[in-house]
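Analysis of the macromolecular model
So the chains spell out like this:
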Amino acid sequence: MVRAVGALARSGGKAHVALNITNRCNQRCVFCFEGDRRGWKEPGLGQVKRLLRDAARTSGHVVFMGAEALLRPDILEVLRFGRSLDLELTAFTNGQVLAREGFVEQLAEAGLRNLDVSFHYADPESFARGTRTSARNFDRLLRGLAHVRNHNRQRPDRALHVAVETELFSLNRGRLSGIRRLLERALGASFTSHRLGTLSPAPDEVCEEPLLEPLAVRRRELVRFLETQPPERRTALCKMPLCLAPGWEHLSMDLHHKLDRLRVRCNFRDREVLAAMHDFAADFAANPYRWVCSDCNLLPICRTERTRWGSRSFGPTREQKPIPETVRSLEEVLARASGGQARPVEQIETARRLWRGIPAPEKHFARWLGSLRMGGLRVKEVACGEHPAFDVWVLASGRRLRLRLSPLETPANPSRSYLLHYLSASVVEPLAPPESLVKTALARLAAAAWPPLESWVGYAALDSTLAAAGLAVWRRWGRRVWPGEEAAPGWTSRRLQPAGGSFRLTVEHRSGRLADALLRSQPRGGRGPLG
Ligand SMILES: C[S@@+](CC[C@H](N)C(=O)[O-])C[C@H]1O[C@@H](n2cnc3c(N)ncnc32)[C@H](O)[C@@H]1O
Ligand code: SF4
């Protein structure tokens, strides 16, 4: 395994100042957290100059944020002024304007030294969907990058250092390598730095469709990507749940910010931002949707802002918090990140204790569920663990049946909202009900038309054979074996499929080894598949 990914440059404890100097933008990205700026007025040139003077007193580095900073008509003047104060200048851009003839040269001449360019898509169609602009702009962006490459070749004395940022989300799932190839072609030798991030919930709902994706799948893609990353390219992870990158946590930019106690000042809403000084205890208390990570030993050093209950676009995927393949201790990760130096973690531990006090997160989920139409079926309880499930009581032939609905192993349609993936059901009570009763119950559930009928693709799994088989395993090995649950120490069940009158249980060992066995619904003793 290639581990030599370019080390994340340590910023030497120097903070930078992020200046939001405009709310203009030429894209309407579906996930954008800059979306709502009601009441925010673009600062005038005089005000920007004051901000720059102020920044020069506290920091040597300014990052111009946007929305799209380069759209300010006076941007060249702003840059020249910043340069006159001896500030290092970076512009964060979606790259569209770089396609204007001669603009890259003008920026460099005015004193810009770094470009942070967002690049999230592997093809024009997803680009158009994600940015809500024309697919033609994808070529425009590639042209802009080519301009930077040409400029850097011709003017090495005024070369622009490019850091590309790619957020992992539903529209680029499985496309990371394609994105890298495009960037290599467009930027050539100027593609020296790549940051990978994930989406944080935008403060206001910006998009109707789910933006998140199953983390386990993404993790495999990410690991493959990191393993094949050229060692000379600087690679960093930002806004990335650490459990998404087991083994690569040391590349986490946020972790470094935190360790280095970096403060990033930002003029927008007058707040100081970034992980470094992030008061995650208070933040966590204010945003209980992040409870899914509450037991994670990496939380204190992780931003974990991935999900927001009740949000369509940032609603958790069926795998809210994946289990790291290699469970690491906080200390181990910190030691890796700080290059082997022992770092005190007391401060982190204190904060960790603080947020333990938040009220039961299930309530939030239950409230959300309660607002949905359940066609008269009674939601009895909500169990939100790593593999969330909820139970419904169904009256069938005058008898009550408790069904546990839980996510399918593979959602049939990943673009559907989270809850619609609760498609596999198991009978919880009574044990081993008559098949006719289960069928009546399922019919009742279907008649409730919730979730919408066409999404009940998990019908095959709503099968009493499977339920009985599950119960049989439960009785035999003393545990339930629904997908994702620990079936025996070190073994996680991956799949339980009906197979004729029996069923096949596939389990995965910690080491990745898979085992499966054909089990009868009514076991007759003997060794189980777990040996
Ligand atoms: C807000 S944009 C501003 C600069 C410029 N307009 C651009 O798109 O690059 C800066 C970065 O924030 C990222 N961003 C926007 N919304 C986000 C979200 N909800 N979660 C995580 N990153 C987000 C974008 O991908 C972009 O890389
Ligand atoms: S280009 Fe940047 S600022 Fe504009 S909508 Fe997209 S992410 Fe937001």
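That block above? That's the structure.
Within each chain, residues carry numbers counting from 1 in the order of the written sequence. Ligands are numbered from 1 and chains lettered from A, in the order in which they are written. Side-chain atom pairs in this predicted model are given and counted only at pLDDT of 80 or more, local residue features only at pLDDT of at least 70, and totals for whole chains, interfaces and linings cover all residues. With hydrogens and water stripped out, all remaining heavy atoms of the structure feed into the side-chain values.

A closer look at the site of ligand 2
Only a single heavy atom is needed: when it lies within 4 Å of a molecule or strand, its residue is near that molecule or strand. Neighbouring ligand 2 are the residues Cys25, Gln27, Cys29, Cys32, Ala67 and Asn94. Classification used: nonpolar for Ala, Val, Leu, Ile, Met, Phe, Trp, Tyr, Cys and Pro, charged for Asp, Glu, Lys and Arg, polar for all others including Gly. The residue makeup of the shell around ligand 2, split by class, is 4 nonpolar, 2 polar and no charged.

Some details on the pairing of strand E4 (residues 114-118)
We call a residue buried when its accessible area falls under 20% of the maximum for its residue type, exposed when it is over 50%, and partly exposed in between, using a 1.4 Å probe and counting protein chains only. Secondary structure elements follow DSSP: runs of H or I no shorter than four residues count as helices, runs of E no shorter than two count as strands, and numbering proceeds from the N terminus. Along E4, 5 of the 5 residues are buried, which leaves the element largely enclosed by surrounding structure. With burial as the criterion, each face of E4 is covered, one bearing Asn114, Asp116 and Ser118 and the other bearing Leu115 and Val117. Strands qualify as paired when DSSP identifies two bridges or more between them. Two elements, strand E3 (residues 88-93) and E4, share 4 bridges in a ladder whose sense is parallel. Along E4, the bridge assignment pairs alanine 91 with leucine 115. Note that the unit made of E3, helix H3 (residues 103-110) and E4 has a crossover that is right-handed. The pairing of E4 with strand E5 (residues 161-168) spans 5 bridges and is parallel. Counted as the bridge partner of asparagine 114 is histidine 161 from E5. Crossover handedness is defined by viewing with both strands directed away from the observer: a clockwise path from the first strand over the helix to the second marks the crossover as right-handed.

Description of the packing of aromatic side chains
For this analysis, a ring pair means two rings from Phe, Tyr or Trp (six-membered ring only for Trp) whose centres lie within 6.5 Å, classed as stacked if their planes differ by under 30 degrees, edge-to-face if by over 60, and tilted for the remaining angles. Taken as a whole and judged by the stated rule, the model has 5 aromatic pairs. A ring pair is formed by phenylalanine 31 and phenylalanine 169, whose centres lie 5.1 Å apart and whose planes are at 75 degrees; its orientation type is edge-to-face. Of this pair, phenylalanine 31 sits in the loop between strand E1 (17-20) and helix H1 (45-58) while phenylalanine 169 sits in the loop between E5 and helix H6 (176-187), placing them 138 residues apart in sequence. Phenylalanine 31 sits in the buried class, given a relative accessible area of 11%. Linked through ring pairs, Phe31, Phe119, Tyr121, Phe127, Phe138 and Phe169 together constitute an aromatic cluster. For a Lys NZ or an Arg CZ to count as sitting over a ring, it must be within 6 Å of the ring centre and within 35 degrees of the ring normal. A cation over a ring is seen here: arginine 100 above phenylalanine 103, with NZ or CZ 4.8 Å from the ring centre.

Some words on the pairing of strand E6 (residues 193-198)
Most of E6 sits inside the fold, with 6 of its 6 residues counted as buried. As paired elements, E5 and E6 share 6 bridges and run parallel to each other. Bridging from a neighbouring strand, alanine 163 pairs with serine 193 of E6.

Some points on the site of ligand 1
The immediate surroundings of ligand 1 are formed by 18 residues, with Phe31, Ser118, Glu167, Ser200 and Lys239 found nearest. Polar contacts, as used here, are pairs of N or O atoms within 3.5 Å; protein pairs need one atom able to donate a hydrogen and one able to accept it. Residues neighboring in sequence count only if both atoms are side-chain atoms. Contact between ligand 1 and phenylalanine 31: a nitrogen atom at 2.8 Å from a main-chain N or O atom of the residue. Out of a free accessible area of 540 Å², ligand 1 has 96% covered by protein chains. Of all the elements in the fold, those that place two or more residues in the shell around ligand 1 are E3 and E5. A breakdown of the residues in the shell around ligand 1 according to their chemical character gives 7 nonpolar, 6 polar and 5 charged. We get accessible surface area from the Shrake-Rupley algorithm with a probe of 1.4 Å; when it comes to residues, only the shown protein chains can shield them.

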